[in-house]
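Read off the chains here:
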Amino acid sequence: MIPFNKPHLTGEEFGYIQDAVNSGHLSGNGKYTRLCHAFFKERFGFGKCLLTTSCTDALEMAAILLDIKEGDEVIMPSYTFVSTANAFALRKARIVFVDSREDCPNMDESQIEALITKKTKAIVPVHYAGVACDMGAIMKLADKYGLFVVEDAAQAIDSYYVDPAGNKRALGSIGHLATFSFHETKNIISGEGGMLVINDPRFYERAEIIWEKGTNRSAFFRNEVNKYEWVDVGSSFLPSEIIASFLYAQLKALKVIQQQRQRIWNTYYNELKAWAMDHQIQLPIVPEYATNNAHLFYMVSNGEEQRDFIIKHLRNNGVLAIFHYISLHKSPFYSATGDVRVLKECEHYSDALIRLPLFYGLSKKELHHIVNSVRSVRL
Ligand SMILES: *Cc1c(COP(=O)(O)O)cnc(C)c1O
């Protein structure tokens, strides 16, 4: 069976871990954490970076930083991973879901304004498959209504938004805050892992405090204060140096990893294009203002029945393809709020989208077996 995902090791991970262990500093916020932060700032122009133990944690930090409280409203797509919503639900916000675009699963920016009320505090765009949401339109709305924007860039490392003037801006550098994931299913991994990016300097100081259990420990280590104390709420959000050193090895290989994933993605696209056209299967569409970081390759079938049929055919051919996400607005937890709006596009992606295996170690032979298996489905 060709698996859906296989974590890729660059070979440098153990050397860096050994160095971290030998240095005697195993807890967080040491040399490798700083190297990772510096990498992201230099490479992508991010503001302040703070590694976290997951993207889920980074989203929870974002909700604390924005002082999200009961009664606040947060606008986000329904077609996303549960953590996007859960982080804000934990702080008792009301989650207001937006439908997806017709051409790609990202939130439909043209439907956001109608959902903004006096209680709206933030918009959380999710760059699905690493493809940018229309950040120009979203930031304009945020400015007009005084809202914060938190980019859920969990899947979006090394991907860009291209503004109308043609300037490329890295995803994660545009919103007031942004979150990344280094879970083993993402392009760059550390098993579990994540990062909060703070682009708005007003949040720099408090972010560090929340990161360090509500203390000013980071400032203390920089000799800015002479003792460290409990100054705010917070939690233990920082990963150990063992995780950070593993992640650093991966970051150093970012270019090679991305090239390999792009090759696989392009093969799928080129080899399946004609077949998809003949069978009314929709392949990914990357809007003109977005780039593709080859995080995942998906196909959109005509519905649940056809999706299940294709997945079963692939499984019979030794290929593990999977679907996701179950729309959050239809989840048992959210349904209890009584919001019964139909989000047509989002529900269609939940029913019809199929993801094919995409990982660094996928061989040419396996790739062609998958392509041939897809093309041999009798629809
Ligand atoms: C993977 C993912 C997350 C969660 O990341 P973790 O690091 O596993 O917590 C959140 N949002 C999106 C869109 C994701 O794809």
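Draft legend 1. Layout of the overall build of the protein. On a plain count of helices and strands, the protein comes out with 13 helices and 11 strands. Against the globule reference of 21 Å for 379 residues, the protein gives a C-alpha radius of gyration of 21 Å, in line with a compact fold. Overall size of the protein, expressed as C-alpha extent along the three principal axes, is 70 × 55 × 45 Å. Long-range contacts, defined here as pairs at least 24 residues apart, represent 72% of the contacts in the protein between residues at least 6 apart.

Draft legend 2. Inspection of helix 3 (residues 55-65) at higher detail. Of all 11 residues in helix 3, 10 are buried; the element is thus mostly enclosed. Taken residue by residue, helix 3 has C55, D57, A58, L59, E60, M61, A62, A63, I64 and L65 as its buried positions. Elements in contact with the buried residues of helix 3: strand 1 (48-52), helix 4 (82-89), strand 5 (148-152), strand 8 (177-181), strand 9 (194-198) and helix 6 (204-211). The N-cap residue of helix 3 is S54: its side-chain oxygen and the backbone nitrogen of T56 are 3.4 Å apart.

Draft legend 3. Looking closely at the pattern of salt bridges. Per the stated rule, a full pass over the model turns up 20 salt bridges. D200 is the partner of R202 in a salt bridge, and the nearest nitrogen-oxygen pair spans 2.5 Å. Among the residues examined, R202 registers a relative accessible area of 63% and is labelled exposed. Taking the shortest distance from any N to any O, the salt bridge between E345 and K344 comes out at 3.3 Å. Here E345 falls in the buried class, since its relative accessible area comes to 14%.

Draft legend 4. Structural view of the nonpolar core. With 52 residues, the main nonpolar core has F40, F44, F46, I112, I157, F182 and M195 as its most contacted residues. Counting only domains with at least three residues in this core, you end up with domain 1 (13-252) and domain 2 (254-375). Setting aside chain neighbours within four positions, we find F40 in contact with G45, F46, C49, I157, F182, M195 and L251. Formed by 48 residues, the second largest nonpolar core is a distinct cluster that contains C104, A129, Y334 and Y349.

Draft legend 5. Region of the structure containing the pairing of strand 8. Most of strand 8 sits inside the fold, with five of its five residues counted as buried. The alternating pattern of strand 8 places L177, T179 and S181 on one face and A178 and F180 on the opposite face, and all of these are buried. Bridging between strand 5 and strand 8 involves three bridges; their strand directions are parallel. Across the sheet, the residue bridging to E151 is A178, located in strand 8. As paired elements, strand 8 and strand 9 share five bridges and run antiparallel to each other.

Draft legend 6. Looking closely at the sheet that holds strand 5. On the basis of which strands lie adjacent, the open sheet formed by seven strands has the order 1-9-8-5-4-2-3 and mixed pairing. At either margin of the open sheet sits one strand with a lone partner, and together these are strand 1 and strand 3 (94-98). In this sheet, neighbouring strand axes are inclined to one another by 25° on average, regardless of whether the strands run parallel or antiparallel. As judged from the three bridges shared by strand 2 (residues 73-77) and strand 4 (residues 120-123), these two strands associate in the parallel manner. Its bridge partner lying in strand 4, I75 is registered against I123.

Draft legend 7. Quick peek at the packing of aromatic side chains. Within this structure, the stated rule accounts for 23 aromatic pairs. Taking 5.8 Å as the distance between ring centres and 90° as the angle between the ring planes, the aromatic pair formed by F39 and F40 counts as edge-to-face. The class of F39 is buried, set by a relative accessible area of 16%. Judged by its relative accessible area of 0%, F40 is buried. Three or more aromatic residues joined by ring pairs make a cluster, and in this case those are F39, F40, F44, F46, F180 and F182. One residue, K168, lies across the ring of Y160, its end atom 4.7 Å from the ring centre. Above the face of the F323 ring, R307 is positioned so that its terminal group lies 3.6 Å from the ring centre.

Thresholds applied
- Residues numbered from 1 in each chain as written.
- Predicted model: local features only at pLDDT ≥ 70, side-chain atom pairs only at ≥ 80, totals over all residues.
- Heavy atoms only, no water.
- Helix = DSSP H or I, 4+ residues; strand = E, 2+ residues; numbered from the N terminus.
- Rg over C-alpha atoms; globule rule 2.2 N^0.38 Å.
- Contact = heavy atoms within 4.5 Å.
- Buried < 20%, exposed > 50% of the residue type's maximum accessible area, 1.4 Å probe, protein only.
- Polar contact = N/O pair within 3.5 Å; in protein donor to acceptor, adjacent residues only side chain to side chain.
- Salt bridge = Lys/Arg side-chain N within 4 Å of Asp/Glu carboxyl O.
- Core = buried A, V, L, I, M, F, W, Y, C linked by side-chain atoms within 4.5 Å.
- Domains from an automatic or database assignment.
- Pairing = 2+ DSSP bridges.
- Axes fitted to C-alpha atoms, helices over the stretch in contact; angles between N-to-C directions.
- Phe/Tyr/Trp six-rings, centres within 6.5 Å; stacked < 30°, edge-to-face > 60°.
- Lys NZ or Arg CZ within 6 Å of the ring centre and 35° of its normal.

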